[in-house]
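# What the coordinates show
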Amino acid sequence: MQPDVLVVGAGFAGMYAIYRFRKQGLNVQVLEAGSDVGGTWYWNRYPGARCDVPSLEYSFGFSEELEQEWDWPEVFSAQPDILRYANHIADRFNLREHIRFNTRVTGVAYDEETRLWRLQTDTGESFSAPYCVMATGCLSVPNRPALPGAASFAGLELHTALWPKEDVDLSGKRVGIIGTGSSGVQAIPELAKAAEHLYVFQRTPVYTVPANRKAMRDAVQREFKDNYGAIRDMQQNNAGGVSNFRPQRSVEAARRNPMDGPGAESKIKALTPAERKAVLKARGLETLLGFRDVYTDPEANEIANELFRDAVRELVDDAETAEALLPKDYGLGCKRQVLDRDYYATFNRDNVTLVDLRATPIEAVTPDGITTSAQRYPLDVLIYATGFDAMTGALLKANITGRGGQTLNDKWRVGPVAYLGLQMRGFPNLFTVTGPGSPSVLCNMLVAIEQHVNWIGDCIDYLQTNHIDSIEPTEQAEQDWIAHVNEVAEGTMYTAPSCNSWYLGANIPGKPRIFMPYVGGYPQYKARCDNAAREGYSGFELKRSA
Ligand code: FAD
Ligand code: NAP
């Protein structure tokens with residue numbers, strides 16, 4: 001039977017899409033490249049992988065039963081537990097029967113005559129449906145830089161985002177890792193414990209804050225579960241989609257707000273140097289991100305950056321290594337916050353060497369290691385922690401062709417053009433979940449995913465009820481939305497000239513430099529989406545065939 005909706009991807013977005021669309025009576029078919037559910041948490045199995053949003057918040061709110069029956073073992077869960085959660089959801093709601101695994105979509109084309117989307121796969125099959133939802137993820141296309149000689153490496157080559165399911169034995173091995181973003185920072189302390197020697201090839205030093213390492217206390221989990229209704233409401237009203245709920249019953253008052261920084265309106269510039277140090281000593285490095293002016297005022301930003309650098313100098317024994325680990329040419333707030341567990345202390349180990357690629361760039365990867373401008377590093381294992389072709393990568397790789405033969409690659413030649421990160425003009429009835437121009441990666445992603453899938457489900461329902469054949473944004477709505485996305489990002493550290501982040505596409509050579517996520521806040525964004533729907537899908541063109 002022809003499905004009503006084809007969904008590409010079985011990460012959390014594709015999984016919730018099955019649940020939601022099926023509930024409204026739609027016949028759903030999901031196509032997934034991996035062999036099982038979980039998306040990010042299926043692919044990123046590297047040692048140390050875990051979430052940077054508390055697990056009780058980074059969880060679905062669509063089912064009260066699910067909320068109540070699932071227990072998280074840690075406050076910030078590790079990848080195996082998040083993958084276990086994804087599997088539980090798949091089992092509990094019988095999702096797998098709708099998913100075709102080991103099936104990569106290689107072409108997505110609109111047939112104007114039949115008004116159907118036709119999807120081609122690498123298994124040689126083809127699927128058609130009137131609606132297509134790309135739940136392909138913002139961080140699902142691993143970036144492997146084109147280093148000279150890369151293909152010649154004869155040892156074991158790994159990427160953090162394509163980590164094998166089987167255990168990787170690093171004992172007695174000389175291991176090299178390229179990349180010190182969130183993935184590298186999480187993996188490096190664990191790799192150092194396992195390898196004979198670890199060489200960290202660092203191009204850009206990173207700002208990190210210590211991760212919360214707490215095991216989940218039963219009483220805290222109980223209190224969250226008792227308050228989940230209110231917590232989900234609080235998430236809806238928070239810019240980043242997190243409730244920041246603080247347990248009242250199960251945590252004594254003196255320890256209640258250990259993560260609280262200064263008030264949202266406080267400014268680092270308003271404090272004296274001694275006061276700044278005192279606040280930092282009392283509350284830790286994460287305090288720096290609580291000051292509003294750090295995000296918008298370059299002078300305040302540099303004050304915070306320098307306090308951060310001083311803290312690192314104290315953590316790393318070797319002065320030269322410490323200096324090489326200090327970010328100096330961009331500021332806090334430009335990139336996504338990186339959480340670390342013993343990252344700096346790892347560089348005090350005898351079996352860890354930091355290789356500063358700015359001082360001594362890689363000249364070539366050779367069959368037996370890496371050669372920099374200074375020396376040869378023989379390696380048994382080479383690990384790429386080099387990130388992703390983010391936000392647009394998976395959509396462009398799917399080879400999408402819309403009305404009149406227009407390809408998405410052509411439409412997005414100078415950067416992504418979309419309305420609300422949900423739809424693109426010229427691609428009727430094709431939807432993106434957490435697409436460019438939506439809060440997505442600046443938000444608790446599970447909150448963003450539920451909101452998008454709900455909006456798409458409601459939209460399809462509206463189209464069917466009103467016998468409307470197609471929906472796509474107007475050109476004006478797309479242009480206005482992009483102007484707004486740029487306007488709210490302007491003047492923040494995210495778009496500072498010194499900032500080179502994957503939010504801007506700056507990590508991929510040749511990618512247009514455009515700030516892709518929506519920085520205006522989740523509640524404001526959701527209100528825009530809701531208003532458009534309430535107004536009969538204002539900003540969209542709805543068509544009935546004759
Ligand atoms: P994904 O989980 O990326 O799933 C997309 C799926 O689509 C993948 O399984 C992929 O195989 C499939 N796919 C893509 N293209 C095709 C194709 N052409 N054909 C078939 N299948 C295809 N977010 C947070 O909010 N908090 C966190 O703490 C957090 N931690 C993260 C840690 C890591 C290591 C990474 C990489 C990301 C993290 N994120 C975090 C972001 C994370 O991606 C989202 O939270 C969320 O898991 C995304 O779900 P998704 O279903 O939208 O996409
Ligand atoms: P990333 O932040 O893009 O970091 C990639 C690293 O690889 C950077 O240090 C980069 O250096 C380096 N690199 C890339 N190309 C290189 C080259 N040619 N030579 C040398 N170095 C090179 O990627 P990521 O660490 O995978 O993180 C991506 C995002 O995934 C995060 O921002 C976050 O949203 C998510 N994530 C979250 C968590 C978590 O804590 N929950 C964990 C992992 C990932 P340059 O900076 O110089 O380019």
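Relevant structure appears above.
Here is a short report on the structure shown in this document. Computed from a predicted structure; not experimentally measured.

### Considerations on the site of ligand 1
In the vicinity of ligand 1 lie 32 residues, with Glu 32, Thr 40, Asp 52, Tyr 58 and Val 105 positioned nearest. Here Phe 12 contributes a backbone N or O atom positioned 3.1 Å from an oxygen atom of ligand 1. Taking Trp 43, its side chain carries an N or O atom lying 3.0 Å from an oxygen atom of ligand 1. Notes on ligand 1: free accessible area 980 Å², of which the protein chains cover 95%. Every element with two or more residues in the shell around ligand 1 is listed here: helix H1 (12-23), helix H2 (40-43) and helix H15 (445-465). When residues in the shell around ligand 1 are grouped by element, the largest group, 3 residues, is from H2. Counted by class, the shell around ligand 1 contains 18 nonpolar, 10 polar and 4 charged residues.

### A look at the state of the cysteines
By the definition in use, this model includes 1 disulfide. Residue Cys 334 pairs covalently with Cys 499 via a disulfide, S to S 2.1 Å. Taking the torsion about the sulfur-sulfur bond, which here is approximately 80°, the covalent link between Cys 334 and Cys 499 counts as right-handed. Separated by 165 residues along the polypeptide, Cys 334 in the loop between helix H11 (319-324) and strand E12 (338-340) and Cys 499 in the loop between helix H16 (475-489) and helix H17 (522-534) bring together distant segments of the chain. Taking the relative accessible area as the measure of exposure, Cys 334 reaches 1% and is therefore buried. For Cys 499, a relative accessible area of 0% corresponds to the buried category. With no disulfide of its own, Cys 51 lies 14 Å from the sulfur of Cys 443, the closest cysteine sulfur. You can call Cys 51 buried: its relative accessible area is 5%.

### Focus on unusual backbone geometry
Even without being glycine, Arg 115 reaches a positive phi, approximately 55°. By the secondary structure assignment, Arg 115 is in the loop between strand E4 (105-111) and strand E5 (116-121). Relative accessible area serves as the criterion here: at 30%, Arg 115 is assigned to the partly exposed category. In this model, Asn 244 sits at a positive phi of 55°, which is unusual for a non-glycine residue. In this structure, Asn 244 sits in the loop between helix H7 (228-236) and helix H8 (273-283).

### What to know about the sheet that holds strand E14 (residues 362-366)
Ordered in space as E14-E15-E16, the 3 strands form an open sheet in which the pairing is antiparallel. Looking at the sheet topology across the chains shown, the edges are occupied by E14 and strand E16 (376-378). Neighbour-to-neighbour, the strand axes of the sheet open up by a mean angle of 15°, direction not taken into account. Bridge analysis of strand E15 (residues 369-372) against E16 gives 3 bridges, and the strand direction is antiparallel. In the strand pairing of E16, Gly 369 is matched with Pro 378.

### Focus: the site of ligand 2
Every one of the 24 residues lining ligand 2 counts as a neighbour, but Arg 50, Thr 180, Ser 183, Arg 203 and Thr 204 are closest to it. Contact distances for ligand 2 include 2.9 Å between a nitrogen atom and a backbone N or O atom of Arg 50. Take Thr 204: an N or O atom from its side chain is 2.4 Å from an oxygen atom of ligand 2. For ligand 2, whose accessible area on its own is 900 Å², the fraction buried by protein is 87%. Looking at the shell around ligand 2, the element that brings in the most residues is helix H5 (residues 182-194), giving 3 residues.

### A word on the environment of Arg 292
Within the fold, Arg 292 resides in the loop between H8 and helix H9 (293-296). For Arg 292, a relative accessible area of 40% translates into the label partly exposed. Here the alpha-carbon distance between Arg 292 and Lys 267, two residues 25 residues apart in the chain, equals 5.8 Å.

### Describing the pairing of strand E10 (residues 197-202)
With 6 of its 6 residues buried, E10 lies for the most part within the structure. For strand E9 (residues 174-178) and E10, the ladder comprises 5 bridges, and the chain directions are parallel. By the bridge assignment for E10, Arg 174 is matched with His 197. Viewed along the sheet, the connection from E9 through H5 into E10 turns out right-handed. Alignment of E10 against strand E13 (residues 352-356), held across 5 bridges, turns out to be parallel. Bridge pairing in E13 places Val 200 opposite Leu 354.

### A look at the side chain of His 159
Assignment of secondary structure puts His 159 in strand E8 (residues 156-159). With relative accessibility at 1%, the residue His 159 sits in the buried group. Each residue touching His 159, except ones within four places of it in the same chain, is listed here: Pro 142, Asn 143, Arg 144, Tyr 384, Thr 386 and Gly 387.

### Looking at the pattern of salt bridges
On inspection of all chains with the given rule, the structure shows 36 salt bridges. In this structure, Glu 541 engages Arg 425 in a salt bridge whose closest nitrogen and oxygen atoms are separated by 3.4 Å. Here the residue Glu 541 occupies a position in strand E21 (residues 540-543), and Arg 425 occupies one in the loop between helix H14 (408-411) and strand E19 (430-432), the gap between them amounting to 116 residues.

Each value, and the rule that gives it
- Residues numbered from 1 in each chain as written.
- Chains lettered and ligands numbered in written order.
- Predicted model: local features only at pLDDT ≥ 70, side-chain atom pairs only at ≥ 80, totals over all residues.
- Heavy atoms only, no water.
- Near = heavy atom within 4 Å.
- Polar contact = N/O pair within 3.5 Å; in protein donor to acceptor, adjacent residues only side chain to side chain.
- Areas by Shrake-Rupley, 256 points an atom, 1.4 Å probe, with all protein chains shown as cover.
- Helix = DSSP H or I, 4+ residues; strand = E, 2+ residues; numbered from the N terminus.
- Nonpolar A, V, L, I, M, F, W, Y, C, P; charged D, E, K, R; others polar.
- Disulfide = S-S within 2.5 Å.
- Buried < 20%, exposed > 50% of the residue type's maximum accessible area, 1.4 Å probe, protein only.
- Pairing = 2+ DSSP bridges.
- Axes fitted to C-alpha atoms, helices over the stretch in contact; angles between N-to-C directions.
- Right-handed = clockwise from strand over helix to strand, strands pointing away.
- Contact = heavy atoms within 4.5 Å.
- Salt bridge = Lys/Arg side-chain N within 4 Å of Asp/Glu carboxyl O.

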